[in-house]
Amino acid sequence: MNKNFKYCKDSRVMRTSRVFPNDINNHNTLFGGRLMSDIDQVASISAAKHSRRDCVTASTDSVDFLHPIRPTDSVYFESYVTWTGTSSMEVFVKVISENLKTGERKVAATALLTFVALDENNKPTPVPSVIPETVEETKLHETASERAKARADRKKESKAFAQFISMNDPWDYRLEMMENYYM
């Protein structure tokens, strides 16, 4: 196989788990933070499989909670690389809940994350491009450049906003207010 590309299926990761009592929030549904952690875990494996490199999460672009996941459900995660830049990879994760008593299945959540592959010196390193095959993969691949532009714009805005974020301890607030008053 040509090392300059891989198919989406080459990075596919599937995992199924149960919902346990310590995973539940006060609404008797799966805690969103737990789901986000699981999403990041499976997505990171897809990125590593695609690049065969160490990878870091560059951004969680979106996590859409579509249906609550209950203690009677199993949770199925499926992830794969949908698009690549030079060293970055967009990874799609779908989360399907299945009621273990009725068999009813729902797409409970979807997520898009971006990872960067690192070389031996922890510097970004090139990754193979990706080739979609299924209708789902093709749709995600075709719309990825729009999302990449939105990510770049959002990152630029975040960096600009970071200039205004205080790093002072809360007790320094009064000092900061006084400095601003006298400037």
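Bear in mind that the values here come from a model prediction, so they are computed numbers and not experimental data. (Residues numbered from 1 in each chain as written. Predicted model: local features only at pLDDT ≥ 70, side-chain atom pairs only at ≥ 80, totals over all residues. Heavy atoms only, no water.)

Novice: If you had to explain the state of the cysteines to someone new, which residues and values would you point to?
Specialist: Summed over all chains, the structure comprises zero disulfides. Looking at Cys8, it has no disulfide partner, and the nearest cysteine sulfur is the one in Cys55, 16 Å off. Owing to a relative accessible area of 0%, Cys8 belongs among the buried residues under this scheme. Assessed through its relative accessible area of 21%, Cys55 is described here as partly exposed. (Disulfide = S-S within 2.5 Å. Buried < 20%, exposed > 50% of the residue type's maximum accessible area, 1.4 Å probe, protein only.)

Novice: I'd like a rundown of the packing of helix α2 (residues 135–142) against helix α3 (residues 144–162), residues and numbers included.
Specialist: Between α2 and α3, whose axes approach to 4 Å, the crossing angle comes to 40°. Here α2 is positioned oblique relative to α3, judged by the angle of their axes. Where α2 abuts α3, its residues Leu140, His141 and Glu142 lie against Ala144, Ser145 and Arg147. A per-class count over the contact of α2 with α3 returns two nonpolar, two polar and two charged. (Axes fitted to C-alpha atoms, helices over the stretch in contact; angles between N-to-C directions. Helix = DSSP H or I, 4+ residues; strand = E, 2+ residues; numbered from the N terminus. Parallel < 35°, antiparallel > 145°, perpendicular 65-115°, else oblique. Contact = heavy atoms within 4.5 Å. Nonpolar A, V, L, I, M, F, W, Y, C, P; charged D, E, K, R; others polar.)

Novice: Describe the pairing of strand β5 (residues 88–99), naming the residues involved and giving the relevant values.
Specialist: Strand residues, when the strand is regular, have side chains that alternate between the two faces of the sheet. Here β5 lies mainly inside the structure; eleven of its twelve residues are buried. Two strands pair when backbone bridges link them, and strand β4 (residues 73–84) and β5 are joined in this way by eleven bridges, in the antiparallel orientation. Following the sheet pairing, Phe77 is matched in β5 by Val95. Taking the residues that link successive antiparallel strands as the turn, the β4-β5 hairpin has three residues. Note: β5 against strand β6 (residues 105–118), eleven bridges, orientation antiparallel. By the bridge assignment for β6, Lys94 is matched with Thr110. Between the end of β5 and the start of β6, which pair antiparallel, lie five residues, with Gly103 showing a positive phi angle near 85°. (Pairing = 2+ DSSP bridges.)

Novice: How would you explain the packing of aromatic side chains if you had to name every residue and give the values?
Specialist: Across all of its chains, the model carries two aromatic pairs by this definition. For the ring pair Phe5 and Tyr7, a centre distance of 5.8 Å and an interplane angle of 90° mean the geometry is edge-to-face. Residue classification places Tyr7 among the partly exposed positions, given a relative accessible area of 26%. Plain terms: the ring middles of Tyr80 and Phe92 are 5.9 Å apart, the flat faces sit at 65° to each other, and that makes the pair edge-to-face. Of this pair, Tyr80 sits in strand β4 while Phe92 sits in strand β5, placing them twelve residues apart in sequence. The same class applies to Tyr80 and to Phe92, which are both buried. Above the face of the Tyr80 ring, Arg12 is positioned so that its terminal group lies 4.5 Å from the ring centre. (Phe/Tyr/Trp six-rings, centres within 6.5 Å; stacked < 30°, edge-to-face > 60°. Lys NZ or Arg CZ within 6 Å of the ring centre and 35° of its normal.)

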